[in-house]
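So the chains spell out like this:
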Amino acid sequence: MKGLEIIPSTRQLQEAYGVLQADPGAVSVREFVLYSQWARLDPRLAEILVGYLRARWKSFNPLEVNEALLKSPWPASMGVLMDQARTYSRFMPAERRAFASWQKCAMVSVRPAEGELFFLGLRSFAGKVMLKDAEFPLRSYTRWGYLGREILINKASASPARTSLDPARRRQVLRQLLRGRRHITVEDYMSALEGTVSRRQAQIDLKAAKLITSGNTRSRIYRAR
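Now for a description of the structure that goes with this document. Quick caveat: nothing in here was measured; it's all calculated off a predicted structure. Throughout, residues of each chain are indexed from 1 in the direction in which the sequence is written. Confidence filtering applies because this is a predicted model: local features only for residues at pLDDT of at least 70, side-chain atom pairs given and counted only at 80 or more, and all residues used for totals across whole chains, interfaces and linings. The side-chain numbers reported here are obtained from all heavy atoms of the structure, hydrogens and water having been left aside.

Before going further, it helps to spend a moment on the packing of aromatic side chains. In this scheme Phe, Tyr and Trp rings, the latter by its six-membered ring, pair at centre separations within 6.5 Å, and the angle between planes marks the pair as stacked below 30 degrees, edge-to-face above 60, and tilted otherwise. Using the criterion set out here, one finds 11 aromatic pairs in the structure. Both rings, one in Y52 and one in F60, keep their centres 6.1 Å apart while their planes meet at 55°; by these two values the pair is tilted. Exposure class is identical for Y52 and F60. Each is buried. Centre to centre, the rings of F91 and F99 are 5.4 Å apart; their planes meet at 35°, and the pair counts as tilted. Just as F91 is buried, F99 falls in that class too. In this structure an aromatic cluster arises from ring pairing among W57, F91, F99 and W102. A positively charged side chain is recorded as over a ring if its NZ (Lys) or CZ (Arg) lies within 6 Å of the ring centre. The angle to the ring normal must also be within 35 degrees. Stacked on the ring of W74, the Lys or Arg R40 has its end atom at 4.7 Å from the ring centre. The ring of F118 is capped by R40, whose NZ or CZ atom sits 5.8 Å from the centre of that ring. Buried, partly exposed and exposed residues are distinguished by accessible area as a fraction of the type maximum, computed with a 1.4 Å probe on protein chains only: under 20%, between the cut-offs, and over 50%, respectively.

Structure representation (structure tokens):
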């Protein structure tokens, strides 16, 4: 696996925060791509970049972004940030489609990574959190060859919950949840999925699991057969 030639210092990361938040128009394509590489070392920078993408994506020529990405050590890292911006931002439908087209152009010829953790040096080796990252990664990470579960957007500015964990992994979470409890609610299931599923999808999943139900819609409980 290739890596950065120079690891950014704490001061450099803080300067990146400042540039992105205080004077977004001053960010060049080269800096934009460089910060996407640094984001693998710092979740705070990754979150700021996702918000920045939501607000400023139209200011970048996707062909220039693509050219710079293909020269970077981890080009697929930008794909994760873009996917999260598209999935969780409050875009209108037309803008979401436009962003998707822009992203497709910016990510041409970028190959996914080879299955490593997205964030580097933040997990205890073989610890519970690392294992959970590997077991229940979000689509925005796996699509680009990474493992991770963090939703990189400020919750106050996020769109209503969108399903971002694939069905097989949702079923696995449900099985584990039912092993430890006599009964569960929709809220219990959504909490176990850590905000990666909409309420409507959670209800559909529980119905599809053919569980024993009791109570009305708002207070319904589910038990394994």
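From this point, the discussion proceeds with the structure in view.
Counting 60 residues, the largest nonpolar core has F32, V65 and M82 as the members making the most contacts within it. In contact with F32, other than residues within four places in its own chain, are V27, L49, Y52, L53, F60, V65 and M78. Buried residues of nine kinds, namely Ala, Val, Leu, Ile, Met, Phe, Trp, Tyr and Cys, make up a nonpolar core once their side-chain atoms join them within 4.5 Å. We call two residues contacting when some pair of their heavy atoms lies within 4.5 Å.

Our focus in this paragraph is the packing of helix α3 (residues 43-56) against helix α5 (residues 76-88). Put simply, α3 and α5 touch, their axes get as near as 9 Å, and they point 60° apart. Here α5 runs oblique to α3, going by the angle between their axes. The hand of the α3/α5 crossing is right-handed. Facing A46, L49, V50, L53 and R54 of α3, the residues of α5 in contact are L81, M82, Q84 and A85. For every element, the axis is a line fit to its C-alpha atoms; helices are fit only across the contacting stretch, and the angle between N-to-C directions ranges from 0 to 180 degrees. Secondary structure elements follow DSSP: runs of H or I of four or more residues count as helices, runs of E of two or more count as strands, with numbering from the N terminus. Geometric relationships in this document are graded by angle, where less than 35 degrees denotes roughly parallel, more than 145 denotes roughly antiparallel, 65 to 115 denotes roughly perpendicular, and other angles denote oblique. In this scheme the crossing of two helices becomes right-handed for a clockwise turn of the near helix relative to the far one and left-handed for an anticlockwise turn of less than a right angle.

Notably, S109 is not glycine yet its phi reads approximately 70°, a positive angle. Relative to the elements of secondary structure, S109 occurs in the loop between α6 (93-106) and β1 (116-117). Look at K210: it is not a glycine, yet its phi comes out positive at around 55°. Residue position: K210 is located in the loop between α11 (199-208) and β3 (212-214). Taking relative accessible area as the criterion, K210 reaches 61% and is therefore assigned exposed.

Right, let's get into the pattern of salt bridges. Any Lys or Arg side-chain nitrogen located within 4 Å of an Asp or Glu carboxyl oxygen qualifies as a salt bridge. Applying the stated criterion to the full structure yields nine salt bridges. Across the pair D83 and R143 runs a salt bridge, and its minimum N-O distance is 2.8 Å. Residue D83 is located in helix α5, and its partner R143 is located in the loop between α8 (139-142) and β2 (146-147); the two are separated by 60 residues in the primary sequence. Its relative accessible area of 3% is what places D83 among the buried residues. By relative accessible area, which is 46% here, R143 ends up partly exposed. Through salt bridges with shared partners, a single network forms among D83, R86 and R143.

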